[in-house]
Amino acid sequence: MQISGAQMVIEALIAEGVDTVFGYPGGAIMNVYDEIYKQDGFQHILTRHEQAAVHAAEGYSKASGKVGVAMITSGPGFTNAVTGLADAYMDSIPLVVISGQVPMSLIGTDAFQEIDAVGISRSCTKHNYLVTDAKDLPRVLKEAFYIAASGRPGPVHVDIPKDVTAQIEEFNYDIELDLETYKPNVKGNPRQIKKAMEAIAEAKRPLFYLGGGIINSNAAYEVRDLIHKTQIPAVETFMARGTLSHDDKYLIGMLGMHGSYASNMAMSETDLIIALGARFDDRVTGKLSEFAKNAGVIHVDIDPASISKLVNADYPIVGDVKNVVNEMLAQADSIDGSRYESWRETIENFNALHPLTFHEDSERIKPQWVIQRVGEILGDDANISTDVGQHQMWSAQFYPFTRPRQFISSGGLGTMGFGFPAAMGVKSASPEKVSVNFTGDGSILMNVQELMTAVEKKLPVINIILNNNFLGMVRQWQTLFYDKRHSETDLSMQPDFVKLAEAFGGVGYRVTTKEEFDAALKDAVEKNVVAFIDVVVERFENVLPMVPAGGSLFNMMLLEKKEDK
Amino acid sequence: MTTDNARRVISVIVVNEASVLSRITDLFSGRGYNITSLTVAPIPDTKYSRLTIATLGSVKIMEQITKQLHKLIPVLRVYEHEDMVEKEMALVKFDITENLSDINTICEAYNGKIVNAGESTVIVMVADEPKRIDNFLNSMKRYNPKEIVRSGAVALER
Ligand SMILES: Cc1ncc(C[n+]2csc(CCOP(=O)(O)OP(=O)(O)O)c2C)c(N)n1
């Protein structure tokens, strides 16, 4: 079949089973957009900013487990998309991002809208390509999808000059990939796994440390089985929320900078860490030299470079978490869970000492209350995305997650503006669930133009703005570590969020009481509309507990007890 | 510790493709590691090239570099050399009026010789271990070299 490079892109996407593409056209990618116009194999969602297109593709991928796809033009289109690429790279999200480039004859001449796109994306993609001949396109696209989804997943960028999309060549997508230099090790060394199981059987205070790699490899249900079978308690990273259901009796909670007291104490007292798809991020470990000092470490990860990078692994196991956990499950009979009875009691005592909670206030709505309340009302029926800041940490702490892929947030890069477009992607992948985005009065303005996309494409995302008139998280650090000098974090000057939503054809609610909140949420869910629920919350609330940056996990700033106040 | 920040030599075998070299050097610069020398050439009769990279770093850093290099898609193999034969080349230009017989004698001690003689200048070439190249260049100072160029090192495991 002789077709143009642009047609090849379409054919390849359809062959890969892509049903949704997010994007924004421009000169260099117009040949491809012309073919998008003519086809009906997938839907295209026109975002109103390229950054949002990539975040939407991330949300889509996170909710569906499939490769997300975004399409953009050269120059400013591409540079706008870079934050999305970096975000996906940090959180290991499989994406294929296709960009147009100026024609080959103009590359290197500072042509209009020319930028060295592959040069820029090299450091924030798993791999990238500049396609210089349409003959290479089928192979490159096939490789791109394979590389994005296999091993440690990540974004792959394909840059295609305009003349290459016009070039007519033979197309055949029935290619055997021959990537002899890329062979992810997915299996897990059986001898190492056996040794790890022996170590678990001997440990007195073992602890599962669950990371986002579990979600990526669709291993959450196997991990649940392993935990129930061994009766070993578990802590989750921010990225792993939803691996265990919130009411699972072996779940201690989230650990790290804003983790629970019990989680961080358990980590400090354990004698054997069983790390699954977790990478010992600095927000998790606190001060490394004092992290889990007396513990042996089993570290399971698909990425060999993550193992022993920060914490030395006594039992390194390179492999896909799902495979390794299945192997561990097969050997789990040798473990007598009753051995850990007193360890579990110790942890319960930690929890009783300083449970994760907050103080209610009769005057003002507390932000944590809003999150808990949404959990009570929608619970499992909602997929939750967030922006970045205090509201993000409270969401991770207080929402009752019941399943993997329910919680979608920018972890590694911490990108404000992620939440709303990501929630649109989530909604398009998972229309049967309510898509809720918890956001802040700062974050929401970073991709507010997506109101138009959401209204036009009928992606009824409910944005709950926890409005504290501050860049709250930065304000918290200023309060605690900069002697209350609130430099440039006051957001008293605000748009009318209700009118703003209405201006785009959405629905807005301004909420100052709990009753109003319940009514607004109910109304937005029933009407199934794009909504802003602007909730006036206590301005000076801090996210607690907290491990100050660089501090040790067991040295937490805790919520004052009410009677101490 | 003596192993900290020692000089290390690694070989990287890569698929010959556009921008593979910048992928590798970016990986060093992006992490703030320095490359002391870098030599690249295709491996005859294959689609691969070999890079020989000399760098400074601790055992831990080298382990990370090696793992990160391995993650790059076009990289086939990475290994750090422990017991290797390592050679580097230098070309030096002198005025023809210098004491050429002395120069030639010293060159011979470093696997080298005069490789070009022009009207007013001569060029000598030596090939030896990098440390010995240092010594050679030192001893050449008294003959007022006009220009010096060194290649990067190449290495093969014994
Ligand atoms: C793009 C971007 N710029 C700056 C920051 C730094 N930052 C982290 S949290 C935060 C404040 C967020 O404020 P808001 O969205 O109102 O949420 P809140 O913390 O009040 O809940 C800022 C500025 C960031 N994470 N991302």
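Shown above is the structure to which this text applies.
Rules used in this analysis
Numbering of residues starts from 1 in every chain and runs along the sequence as written. Lettering for chains starts from A, numbering for ligands starts from 1, and both go in the order in which the items are written. Only residues with pLDDT of 70 or above have their local features reported here, since the model is predicted, and side-chain atom pairs are shown and tallied only from 80 upward, although totals for entire chains, interfaces and linings are computed over all residues. Values shown for side chains rest on all heavy atoms present in the structure; no hydrogens or waters enter the calculation. Only DSSP runs of H or I with at least four residues qualify as helices, and only runs of E with at least two residues qualify as strands; both kinds are numbered from the N terminus onward. Working definition: with a 1.4 Å probe on protein chains only, accessible area under 20% of the residue-type maximum means buried, over 50% means exposed, and in between means partly exposed. Residue contacts are counted whenever heavy atoms from the two residues lie within 4.5 Å of one another. Every accessible area reported is derived by Shrake-Rupley at a probe size of 1.4 Å, with residue values counting cover from the shown protein chains alone. Residues counted as positive are Lys and Arg, residues counted as negative are Asp and Glu, and His and the chain ends are not counted. Just so you know, the charge point we use is NZ for Lys, CZ for Arg, CG for Asp and CD for Glu. Salt bridge, as used here: a side-chain nitrogen of Lys or Arg that lies within 4 Å of a carboxyl oxygen of Asp or Glu. Identification of polar contacts relies on pairs of N or O atoms within 3.5 Å, with a donor-acceptor requirement for protein atoms, meaning one able to donate a hydrogen and the other able to accept it, and with residues adjacent in sequence counted only if both atoms are side-chain atoms. Expected helix span is computed as 1.5 Å times (number of residues minus one). Proximity is defined per residue: if any heavy atom of the residue lies within 4 Å of a molecule or strand, that residue is considered near it. Residues are grouped as follows: Ala, Val, Leu, Ile, Met, Phe, Trp, Tyr, Cys and Pro are nonpolar; Asp, Glu, Lys and Arg are charged; all remaining types, including Gly, are polar. Candidates for patches are residues over 30% relative accessible area with no salt bridge; among them, like charges are joined within 9 Å and nonpolar side chains (Val, Leu, Ile, Met, Phe, Trp, Tyr) within 5 Å. We call Phe, Tyr and Trp rings a pair once their centres come within 6.5 Å, taking the six-membered ring for Trp, and we label the pair stacked below 30 degrees between planes, edge-to-face above 60, and tilted otherwise. We call a charge positioned over a ring when the NZ of a Lys or the CZ of an Arg lies within 6 Å of the ring centre and within 35 degrees of the ring normal. Should DSSP find at least two bridges between two strands, the strands are taken to pair. Crossover handedness is defined by viewing with both strands directed away from the observer: a clockwise path from the first strand over the helix to the second marks the crossover as right-handed. Fitting a line to C-alpha atoms yields each axis, with helices limited to the stretch in contact; the angle taken between N-to-C directions then spans 0 to 180 degrees.

I'd like a description of the overall build of chain B, backed by residues and values.
Helices and strands together make up the secondary structure of chain B, namely four helices and nine strands. Written out in order from the N terminus, the α and β elements of chain B read β-α-β-β-α-β-β-α-β-β-α-β-β. Based on the C-alpha atoms only, the size of chain B along its principal axes is roughly 55 × 40 × 30 Å. When the 158 residues of chain B are sorted by exposure, 39% land in the buried category. Of the contacts formed within chain B by residues at least 6 apart in sequence, a portion of 71% connects residues at least 24 apart. Total accessible area on chain B is roughly 8,500 Å²; 53% of this is exposed by carbon and sulfur atoms. Each charge class in chain B can be summarised by its mean position, and for the 20 positive and 20 negative side chains these summaries are 5 Å apart.

Give a detailed account of the interface of chain B and chain A, specifying residues and quantitative values.
With 18 residues of chain B at the contact, the number on the chain A side is 17 residues. In this assembly, chain B and chain A are joined by three salt bridges. In this structure, K47 of chain B and E180 of chain A form a salt bridge, with 2.8 Å as the shortest nitrogen-oxygen distance. The interface formed by chain B and chain A holds eleven residue pairs in polar contact (both at pLDDT 80 or more) in total. If you list the elements that add at least two residues to the side of chain B that touches chain A, you get α1 (20–30), α2 (59–71) and β4 (75–80) of chain B. The dominant element in the side of chain B that touches chain A, judged by the number of residues it contributes, is α2 of chain B, at six residues.

Give me the lowdown on helix α21 (residues 514–527) of chain A, citing residues and values where you can.
All names here are of chain A. Over its 14 residues, α21 extends 20 Å from the first C-alpha to the last, a length consistent with the 20 Å expected when each residue adds 1.5 Å. Summarising the contacts, the buried residues of α21 are in contact with α15 (367–377), β18 (461–467), β19 (507–511) and β20 (531–536). Phi turns positive, to about 60 degrees, at N528, one or two residues after α21.

Please set out the site of the ligand residue by residue, giving values where relevant.
All names here are of chain A. The local shell around the ligand holds 17 residues, among which Q390, H391, G442, S443 and G472 are the closest. Measuring from an oxygen atom of the ligand, one finds a side-chain N or O atom of D441 at 3.2 Å. Within the backbone of S443, one N or O atom sits 2.7 Å away from an oxygen atom of the ligand. Contact with the protein chains hides 76% of the accessible area of the ligand, taken as 580 Å² for the molecule alone. For the shell around the ligand, the secondary-structure elements that each account for two or more residues are α16 (390–398) and α19 (472–481). Looking at the shell around the ligand element by element, the count peaks at three residues for α19. Broken down by class, the residue content of the shell around the ligand amounts to seven nonpolar, nine polar and one charged.

Lay out the environment of G277 of chain A with the relevant residues and their values.
Residue and element names in this part refer to chain A. Mapped onto the secondary structure, G277 falls in the loop between β12 (272–276) and α12 (282–285). Distance from G277 to I214, taken between C-alpha atoms, is 5.5 Å for residues 63 residues apart in sequence. Not counting chain neighbours up to four residues away, the residues in contact with G277 comprise G211, G212, G213, I214, V300, D301 and V321.

Lay out a nonpolar patch on the surface in plain terms, naming residues and giving numbers.
Residues M104, I107 and L130 of chain A make up a contiguous nonpolar surface patch of roughly 200 Å² in combined accessible area. Along the chain, L130 of chain A turns up in strand β6 (residues 127–130).

Tell me about the packing of aromatic side chains, and please be specific about residues and values.
Aromatic ring pairs: the centre-centre distance and the angle between the two ring planes describe each pair. Residue and element names in this part refer to chain A. For the structure shown, the criterion picks out 17 aromatic pairs over all chains. Both rings, one in F401 and one in F407, keep their centres 4.8 Å apart while their planes meet at 45 degrees; by these two values the pair is tilted. No difference in accessibility class separates F401 from F407, as the two residues are buried. The ring of Y173 has K142 lying over it, and the distance from NZ or CZ to the ring centre is 4.7 Å.

Give a description of the pattern of salt bridges that names residues and reports values.
Residues and elements named next belong to chain A. Inspection of every chain in the model, using the stated rule, returns 38 salt bridges over all chains. Across the pair R48 and E456 runs a salt bridge whose closest N-O atoms are separated by 3.4 Å. Taken together, the positions of R48 in the loop between β3 (43–46) and α3 (50–64) and E456 in helix α18 (residues 450–456) put the pair 408 residues apart, joining distant regions of the chain. Residue class for R48 comes out partly exposed when judged on its relative accessible area of 26%. You can call E456 partly exposed: its relative accessible area is 41%. Put simply, D303 and R152 hold a salt bridge, and the shortest N to O gap is 2.6 Å. Pair noted here: D303 is in the loop between β13 (296–301) and β14 (315–318) and R152 is in the loop between α6 (137–149) and β7 (155–161), with a separation of 151 residues, a long-range link. Overall, the relative accessible area of 3% leaves D303 in the buried class. By relative accessible area, R152 is classed as partly exposed at 22%. If you follow the salt bridges from partner to partner, you end up with D34, E35 and K38 in one network.

Tell me what's going on with the pairing of strand β15 (residues 382–386) of chain A, and back it up with residues and numbers.
Remark: a regular strand shows side chains that alternate across the two faces of the sheet. Residues and elements named next belong to chain A. Extensive coverage of β15 is indicated by the burial of five of its five residues. Where burial is concerned, the two faces of β15 agree: the one with A382, I384 and T386 and the one with N383 and S385 are both buried. Here β15 pairs with strand β17 (residues 434–440) via five bridges, running parallel. Bridge pairing links N383 to S435 in β17. Pairing analysis gives two bridges linking β15 to strand β16 (residues 407–408), with the strands arranged parallel. Paired with S385 across the bridge in β16 is I408. For the crossover that starts at β15, traverses α16 and ends in the parallel β16, the hand is right-handed.

Account for the side chain of D303 of chain A, with residues named and values stated.
Polar side-chain contacts of D303 of chain A include one of 2.6 Å to the side chain of R152 of chain A. The contacts of D303 of chain A, once residues within four sequence positions are left out, are R152 of chain A together with K71 of chain B.

Describe in detail the sheet that holds strand β2 (residues 35–42) of chain B, supporting the description with residues and values.
All names here are of chain B. Within the open sheet, the four strands sit side by side as β2-β3-β1-β4. Their pairing is antiparallel. Where the open sheet ends on each side, the last strands, each with one partner, are β2 and β4. Strand-to-strand, the axes of this sheet are offset by a mean angle of 15 degrees, without reference to chain direction. Note that strand β1 (residues 6–15) and strand β3 (residues 48–57) share ten bridges and pair antiparallel.

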